[in-house]
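What the coordinates show
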Amino acid sequence: INRTLLDFDFEHSCSISLQSGPHVYGCLVCGKFFRGRGQHTPAYTHSVDTGHSVFIHLAKGTFHCLPDDYLIKDASLKDISNALHPLYTAQEIRNLDDSEETTGLARDLFGRRYLPGFIGLNNLNQTDY
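What you are looking at is a predicted structure, and each value in this text was computed from that prediction instead of being measured.

In this section: the overall build of the chain. Across its full length, the chain holds 4 helices and 7 strands. Beginning at the N terminus, the succession of helices and strands in the chain can be written as β-β-α-β-β-β-α-α-α-β-β. When burial is assessed residue by residue, the chain has 27% of its 129 residues classed as buried. Counted over contacts in the chain with a minimum sequence separation of 6, partners at least 24 positions apart contribute 39%. Surface summary for the chain: the accessible area is close to 9,100 Å², and the carbon and sulfur share equals 52%.

Residues spaced three or four apart along an α-helix point in a common direction, a consequence of the helix completing one turn every 3.6 residues. When we look at burial in helix H1 (residues 42–50), the residues that qualify are Pro42, Ala43, Tyr44, His46 and Ser47. Of the surrounding elements, those touching the buried residues of H1 are strand S1 (24–27), strand S2 (33–35) and strand S3 (54–57). Gly51 occupies a position one or two residues after H1 and carries a positive phi of about 85 degrees.

Following the criterion strictly, the structure yields 1 salt bridge and no others. A salt bridge links Arg37 to Asp69; the shortest N-O distance between them is 2.5 Å. Here Arg37, found in the loop between S2 and H1, pairs with Asp69, found in the loop between strand S4 (63–65) and strand S5 (70–72); they are 32 residues apart in sequence, far enough to count as distant. Its relative accessible area of 29% is what places Arg37 among the partly exposed residues. For Asp69, a relative accessible area of 38% puts it in the partly exposed group.

Parameters and conventions
- Residues numbered from 1 in each chain as written.
- Predicted model: local features only at pLDDT ≥ 70, side-chain atom pairs only at ≥ 80, totals over all residues.
- Heavy atoms only, no water.
- Helix = DSSP H or I, 4+ residues; strand = E, 2+ residues; numbered from the N terminus.
- Buried < 20%, exposed > 50% of the residue type's maximum accessible area, 1.4 Å probe, protein only.
- Contact = heavy atoms within 4.5 Å.
- Areas by Shrake-Rupley, 256 points an atom, 1.4 Å probe, with all protein chains shown as cover.
- Salt bridge = Lys/Arg side-chain N within 4 Å of Asp/Glu carboxyl O.

In short, geometric facts, not functional conclusions.
See the structure below:
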C-alpha cells in the first residue's frame with residue numbers, strides 16, 4: 001500500500017471505462033480507480049496484470065483483496081477510511097475560525113507543512129480526455 005499516491009478528491013470514476021457509480025474501487029498500490037471486482041472487470045484485470053491486490057470500495061469504504069475477492073478487515077487501514085470519508089465534530093468545525101487553532105501547521109503524507117483549511121491544487125497531467 002502506497003499512502004502517498006492515494007487522493008480521494010478526484011471524481012470516483014473508472015480510469016479505464018470512465019464510468020462512475022456505486023461499484024468503483026481504488027487501488028491502494030497505485031491510487032487509480034477501477035470499476036467492479038468480478039472477473040472481466042477493469043479492477044480484476046488490473047489486479048491480475050499488475051499484481052496489485054488491495055482495493056477500497058469508494059462508496060462503502062470496505063477493503064477487498066483481488067483477484068481472490070475476499071473482504072479485508074485490518075485496523076491498520078483505518079487512516080485510509082478516515083481519509084476517504086472524514087468526519088468532524090461540531091466543536092472541531094467551530095474551532096476552524098479560532099485564530100489559535102488555525103495558526104498551527106500540520107504535515108501531509110510527504111512531510112510538507114501546510115495550514116489546515118486551505119486546499120491545494122492537484123497536478124492533472126494529461127487528463128484532457
